[in-house]
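Here's the letter readout for the chains.
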Amino acid sequence: MKRIGLIVGGGLLLGGVILTYPMSTRDVQGDTSRPPPSYQERQDTLRRGETLSDLFTRQGVEAFTVVDLVRSLGLDPRRVREGLVFHFRQAVQDSTPSIVVVRTSPEARIRLYRASTGWTGIRESIQWVPEVVRVAATVEQSLYTALERAIADSVLGSDERTRLAWDVAEIYAWSIDFSRDIQANDSLTLVIERLVSEEGDTRLGRVLAAELWASGRRMPAFRYADAGGHPGYFDDEANSLRRAFLRAPVEFRRISSSFSRSRYHPILKIRRRHEGTDYSATSGTPVMAAGDGRVIRAGRAGGYGNLVEIRHVNGITTRYAHLRRFASGIRVGRVVRQSDVIGYVGRTGLASAPHLHYEFRVHGVARDSRRVDLGDGKPLAEALRDGFFTERDRLHALLTLLPRAGPVRRIAD
Ligand SMILES: [Zn+2]
């Protein structure tokens, strides 16, 4: 159903903030000794273990009718979660509220109002309008802090900036291990969508283009839909950024940023040749298969603790050690696809703290998984290339933005 606007005027209620505006022209222009506000507004939050009936009853609303009503408007009372915020509006002369508003998702809200015939309601969709924004960030410590500094709160809130860091790490999951391969003076330019709601809230939309300079290497990424209509990221030459192997088999967002680079083995108390890369992460963090392959080991293996080993094409094997446990179904012979969860971070074997020990071997010889050449990505289908190049040029112009070119906001440099 379409949003029908301001049914009774007064307050526009959203996410904890109540914006008030005049009830009507008459109210504003009324006599100078304004009457006290005739409405009272309050909000209430669904608490742990509470039902909708509990909350409505507490607010003096006839729960019996209203719960059925919200169900008919698409909010399943059995699926509501604690923390859901309800806004109530009550005329001062009344003993119960006459309007209830609850935002059920970023895209929708339900508005209930009490008429003389009883409660009725509507479901309103919240419109989000994308706005293209260019972001330029220089790394001092990490991707997080770089984006934190480059983007003002008024443009995107802190949570959304963190999400942006995760999205960027995902775009480059096959080329860069953001947990350790990003250094001071590396830089990142992005063209992103910032979505603005009709209520003025902002959130992150899609990342349209990126240009990362890491260790003097330029890595462009342009968003485009492949032949199946699935969006992906491609370089200047229309080659996919995807490769046969992920750089890190743990999601960037799960990896501890305070990771120690020391190779000093805390249990053996000796320095030893390290054959892999360690990722410090909370116990239980999912570990992914770095590439397609077949499990050739899933069991206890001395200092490795619980170990999964996968054989891939071209004599490549990968090992994942110290796992707390294996993912269900992971056993010898099992075929896995890239990014399938194969186990969970733990500290079995010789490990003093939870971490993943990851090895990348070629014909049995350990290689640095972060440096090994994974070749070019798959090129975009021939039929799509012309369209891609047009889009690439458009996005490239936005990335290298010339001041005041078009409707793009330049927010940081
Ligand atoms: Zn290790």
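Use the structure listed above.
Please read all numbers here as calculations on a predicted model, not as lab measurements.

### Focus on the overall build of the protein chain
Helix and strand counts for the protein chain stand at 6 helices and 23 strands. Sorting the 413 residues of the protein chain into buried and exposed places 32% on the buried side. Considering only intrachain contacts with a sequence separation of at least 6, the fraction spanning at least 24 residues in the protein chain is 62%.

### Here we look at the pairing of strand β4 (residues 85-91)
Most of β4 sits inside the fold, with 5 of its 7 residues counted as buried. Examined bridge by bridge, strand β3 (residues 39-45) and β4 share 7 bridges and lie antiparallel to one another. Along β4, the bridge assignment pairs Q40 with Q90.

### Observations regarding the nonpolar core
L143 and V308 are the most contacted members of the largest nonpolar core, which totals 70 residues. With 16 residues, the next largest nonpolar core counts L52, I99, V101 and V102 among its residues.

### Looking at the sheet that holds strand β5 (residues 99-105)
The strands that make up a sheet pair up through hydrogen bonds in the backbone, lying either parallel or antiparallel. One open sheet holds the 5 strands; their spatial order is β3-β4-β5-β6-β7, and the pairing between them is antiparallel. Edge positions in the sheet fall to β3 and β7 (118-125), since each has one partner strand and no second. Between one strand axis and the next, the sheet turns through 20° on average, direction left out of account. Its contacts with the sheet place helix α3 (residues 63-72) against β6 (108-115) and β7, and it is angled at close to 25° to β7.

### Some remarks on the sheet that holds strand β18 (residues 325-326)
Pairing within the open sheet is antiparallel, and its 3 strands lie in the order β14-β20-β18. Of all strands in the sheet, those with a lone pairing partner are β14 (286-288) and β18, marking the two edges. With 2 bridges connecting them, β18 and strand β20 (residues 341-344) associate as antiparallel partners. Note on β20: the bridge partner recorded for R325 is Y344.

### What to know about helix α4 (residues 143-150)
Looking only at α4, the buried set comprises L143, Y144, A146, L147 and A150. Seen along its axis, α4 keeps its buried residues to an arc of 165°; they face one direction. Buried residues in α4 make contact with β8 (128-138), α5 (158-171) and β9 (187-197).

### Topic: α5
Spanning 14 residues, α5 covers 20 Å between terminal C-alpha atoms, matching the ideal 20 Å at 1.5 Å per step. Where α5 is buried, its residues touch α4, β9, β10 (202-214), β11 (217-225) and β12 (231-234).

### Here we look at the packing of α4 against α5
Where α4 contacts α5, the two axes come as close as 9 Å, and the packing angle between them is 130°. Viewed along their axes, α4 and α5 adopt a mutual orientation that is oblique. When you trace α4 past α5, the crossing you get is right-handed. Between α4 and α5, the residues in contact are L143, Y144, L147 and E148 and R161, T162, L164, A165, V168 and A169, respectively. By residue class, the composition of the contact of α4 with α5 is 7 nonpolar, 1 polar and 2 charged.

### Looking at the environment of V85
Checked against the element boundaries, V85 lands in strand β4. Residue V85 is classed as partly exposed on the basis of its 15 C-beta neighbours within 10 Å. The sequence separation of V85 and V101 amounts to 16 residues, and the corresponding C-alpha distance is 8.7 Å.

### A closer look at the pairing of strand β21 (residues 355-362)
Both strand β13 (residues 277-280) and β21 contribute to a ladder of 4 bridges, which runs antiparallel. Counterpart to T277 in the pairing with β21 is Y358. Strand direction decides the pairing type here: strand β17 (residues 316-323) and β21, joined by 6 bridges, are antiparallel. Each residue of the ladder has a partner; that of Y320, found in β21, is Y358. Where β21 meets strand β22 (residues 365-367), 3 bridges bridge the pair, whose relative direction is antiparallel. Bridge pairing in β22 places F360 opposite R367. Linkage of β21 to β22, two consecutive antiparallel strands, is achieved through a turn of 2 residues, within which H363 is found at a positive phi near 50°.

What counts, and at which threshold
Residues numbered from 1 in each chain as written. Predicted model: local features only at pLDDT ≥ 70, side-chain atom pairs only at ≥ 80, totals over all residues. Helix = DSSP H or I, 4+ residues; strand = E, 2+ residues; numbered from the N terminus. Buried ≥ 20, exposed ≤ 12 C-beta atoms within 10 Å, placed from the backbone. Contact = placed C-beta atoms within 7 Å. Pairing = 2+ DSSP bridges. Core = buried A, V, L, I, M, F, W, Y, C linked by C-beta atoms within 7 Å. Axes fitted to C-alpha atoms, helices over the stretch in contact; angles between N-to-C directions. Arc of directions from axis to C-beta. Expected span 1.5 Å × (residues − 1). Parallel < 35°, antiparallel > 145°, perpendicular 65-115°, else oblique. Left-handed = near helix turned anticlockwise from the far one by under 90°. Nonpolar A, V, L, I, M, F, W, Y, C, P; charged D, E, K, R; others polar.

Shape is all these values report; function is a separate question.
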